[in-house]
Amino acid sequence: MSDSFHAMWRSLRPLGRSAASGGYRRYAWTGADADCRLWFRMQAEARRLDVETDRNGNQWAWLGDPTAGDAVVTGSHLDSVPDGGAFDGPLGVVSAFAALDELRARGASFRRPLAVVNFGDEEGARFGLACVGSRLTSGQLTKEKAYELRDADGITLPQAMEAAGHDPETIGEDRERLDRIGAFVELHVEQGRALDLSGDAVGVASAIWPHGRWRYDFHGEANHAGTTRLVDRRDPMLTYAETVLAARREAELAGAVATFGKISVEPNGVNAIPSLVRGWLDARAADQDALDAVIAGIETAARDKAAAHGVDLAVVRESFTPVVEFRHALRDELVRLLGGKAPVLGTGAGHDAGILSASVPTAMLFVRNPTGVSHSPAEFAAEDDCVAGVLALADVLEGLACH
């Protein structure tokens with residue numbers, strides 16, 4: 001098992017990697033994404049699994065009859081954030097194949113179908129919406145709304161899918177597929193340091209914090225940077241900057257997190273006062289009340305500053321996921337299968353498992369991240385901990401699919 005894990009990791013690691021940053025640019029429906037999809041197919045076929053791509057572009061590798069029902073599914077995603085790390089998503093897919101190798105080495109006999117899945121466009125790096133593949137499948141994203149998604153170059157999601165050889169007319173809720181699944185278990189590198197602080201290699205997820213993305217459009221007036229008096233300016237960049245500071249302040253007060261991590265500026269000239277500054281806010285909190293307080297506080301501060309500077313403001317909620325409490329029965333079963341010693345912890349990061357939780361029983365395993373760094377080339381998990389994660393996943397799959 002250890003050998004198969006490391007062989008897969010070596011073969012996947014170069015795909016979509018930027019030589020300049022050392023991070024990954026595996027964006028949905030691009031060449032790098034196609035390379036990852038081919039890698040998934042090759043790994044599945046090497047293990048004599050039946051491979052299919054569903055109507056929403058998610059890949060499935062099946063052991064047993066896909067239509068039999070009550071299947072146990074594991075996996076994650078292979079796409080990345082801009083210049084992301086190697087582990088976020090891919091660790092779950094590689095570990096899924098390696099866990100199957102381990103079960104076969106144990107001589108396990110499967111009484112339920114087993115599938116490994118690669119969900120498409122989980123990070124939302126290209127079209128701005130996270131978990132597109134699982135949202136479409138579960139019906140949380142409609143075909144009409146999906147068709148409105150555009151990347152930074154104005155290319156729509158259906159145009160990108162069609163260019164990559166996938167028929168966009170087929171996308172939409174896939175209730176028949178979801179009805180086949182009895183349990184979905186996603187393994188993921190921890191995006192935080194809870195396991196490092198507790199000294200455990202593997203943990204079990206309890207819940208995902210409520211979180212969302214909001215777009216702030218600050219409309220001002222373009223003018224000359226060298227000849228326009230400060231008092232005469234309607235500078236949206238100034239209002240944006242003050243809103244960034246307000247986000248930090250409101251998050252600290254609520255014990256939450258809030259981040260403006262993406263920005264676009266028009267006309268984007270060094271010697272020009274902007275006419276438009278568009279910033280995207282990511283905000284997360286342990287409960288809904290805290291998140292509501294943070295969002296309200298940020299917007300109030302932004303509108304006050306906009307009024308003071310003669311700037312117009314529009315705020316659009318682009319996505320939102322409420323708190324996800326994973327099924328307690330399945331969560332507790334994972335803890336039992338791991339000898340009752342795995343710590344149970346929450347997370348502020350969203351996952352396909354969180355999206356699917358409203359439709360099928362879902363659970364998650366976390367693998368220790370010694371630095372807590374994620375969405376960065378510095379993201380890391382030790383080899384021993386990765387192997388521990390594979391063995392834990394194999395124990396869970398054996399308990400769910402074989403006994």
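Everything numeric here is computed off the predicted structure, so don't read it as measured data. (Residues numbered from 1 in each chain as written. Predicted model: local features only at pLDDT ≥ 70, side-chain atom pairs only at ≥ 80, totals over all residues. Heavy atoms only, no water.)

**Re helix α10 (residues 288-309)**
Put simply, the rule reads: Strands are runs of DSSP state E lasting at least 2 residues, helices are runs of H or I lasting at least 4, and numbering of each runs from the N terminus. What a helix should span is 1.5 Å times the count of its residues minus one. Residue contacts are counted whenever heavy atoms from the two residues lie within 4.5 Å of one another. For the purposes of these results, a polar contact is taken to be a pair of N or O atoms within 3.5 Å, where, inside protein, one atom must be able to donate a hydrogen and its partner to accept one; residues adjacent in sequence count only when each atom of the pair is a side-chain atom.
Its 22 residues place the ends of α10 32 Å apart at the C-alpha level, agreeing with the 32 Å of an ideal helix rising 1.5 Å per residue. On its buried face, α10 sits against β7 (211-219), α9 (236-254), β9 (257-266), β11 (276-284) and β12 (312-321). Sitting at the head of α10, Asp287 places a side-chain oxygen 3.2 Å from the backbone nitrogen of Asp289. Looking one or two residues past α10, Gly310 carries a phi angle of roughly 70°, positive in sign.

**Looking at the packing of aromatic side chains**
In plain terms, the rule: We call Phe, Tyr and Trp rings a pair once their centres come within 6.5 Å, taking the six-membered ring for Trp, and we label the pair stacked below 30 degrees between planes, edge-to-face above 60, and tilted otherwise. Exposure is judged per residue with a 1.4 Å probe applied to protein chains only, and the accessible area is read against the type maximum: over 50% gives exposed, under 20% gives buried, and values in between give partly exposed. Any Lys NZ or Arg CZ found within 6 Å of a ring centre and within 35 degrees of that ring's normal is scored as a charge over the ring.
Tallying each qualifying case throughout the model produces 12 aromatic pairs. Centroid distance Trp39 to Phe97: 6.3 Å. Interplanar angle 70°. Geometry classified as edge-to-face. With a gap of 58 residues between them, Trp39 in helix α2 (residues 31-46) and Phe97 in helix α3 (residues 90-106) connect regions that are remote in the sequence. Between Phe119 and Phe184, the aromatic rings sit 5.8 Å apart at their centres with planes inclined by 90°, giving edge-to-face as the arrangement. Within this pair, whereas Phe119 is found in strand β4 (residues 114-119), its partner Phe184 is found in strand β5 (residues 181-189), the two being separated by 65 residues in sequence. A residue is classified by how much of its surface remains accessible, and Phe184, at 0% relative accessible area, is buried. An aromatic cluster is defined as three or more aromatic residues linked by ring pairs; in this entry it consists of Phe5, Trp9, Phe87 and Phe380. Of note, Arg37 hangs over the ring of Trp29, and the distance from its end group to the ring centre comes to 4.5 Å. Cation over ring: Lys262 sits above Trp280, and NZ or CZ is 4.6 Å from the ring centre.

**Observations regarding the pattern of salt bridges**
Close approach of charged atoms lets side chains of opposite charge pair. Going by this rule: Each reported salt bridge corresponds to a side-chain nitrogen of Lys or Arg within 4 Å of a carboxyl oxygen of Asp or Glu.
Here the structure, examined in full by the defined rule, presents 27 salt bridges. We note a salt bridge from Asp70 to Arg112, for which the minimum N-O separation is 2.9 Å. With Asp70 in the loop between β2 (59-63) and β3 (71-77) and Arg112 in the loop between α3 and β4, the pair connects residues that are 42 residues apart, well separated along the chain. Assessed through its relative accessible area of 13%, Arg112 is described here as buried. The residue Arg229 makes a salt bridge to Asp232 at a minimum N-O spacing of 2.9 Å. For Asp232, a relative accessible area of 42% gives the class partly exposed. One continuous salt-bridge network, built from bridges that share partners, spans Glu52, Asp54, Asp174, Arg177 and Arg180.

**Some details on the sheet that holds β12**
Basically, it comes down to this: Paired strands are those between which DSSP finds at least two bridges. Orientation is described by lines fitted to C-alpha atoms, with helices fitted over the stretch in contact, and by angles between N-to-C directions that extend from 0 to 180 degrees.
Judged by pairing direction, the sheet is antiparallel, and its four strands sit side by side in the order β9-β11-β7-β12 without closing on themselves. With partners counted over all chains shown, the strands left at the sheet margins are β9 and β12, one partner each. Going from strand to strand, the sheet's axes swing by 15° on average, the running direction of each strand aside. Pairing of β9 with β11, which is carried by nine bridges, proceeds in the antiparallel orientation. Pairing of Glu266 across the sheet is with Leu276, part of β11. Contacts between α9 and the sheet are confined to β7, β9 and β11, with β9 contributing the most and set at about 170° to the helix.

**Re the pairing of strand β6 (residues 202-208)**
Burial within β6 is extensive, with seven of its seven residues counted as buried. In this sheet, strand β15 (residues 362-367) lies alongside β6 in antiparallel orientation, the contact comprising three bridges. Its bridge partner being in β15, Gly203 is matched across the sheet by Phe366. With three bridges connecting them, β6 and strand β14 (residues 344-347) associate as parallel partners. Along β14, the bridge assignment pairs Ala205 with Leu345.

**Points about the nonpolar core**
Basically, it comes down to this: Residues enter a nonpolar core if they are buried and are Ala, Val, Leu, Ile, Met, Phe, Trp, Tyr or Cys, with the set joined through side-chain atoms within 4.5 Å.
Within the largest apolar cluster, 54 residues are counted, with the highest numbers of intra-cluster contacts made by Trp39, Leu91, Phe97 and Leu365. The contact partners of Phe97, leaving out residues within four places of it in the chain, are Met8, Trp39, Phe40, Gln43, Ala44, Arg47, Leu49, Ala61 and Val116. Val277, Ile295, Val311 and Leu313 belong to the second largest nonpolar core, which has 22 residues in total.

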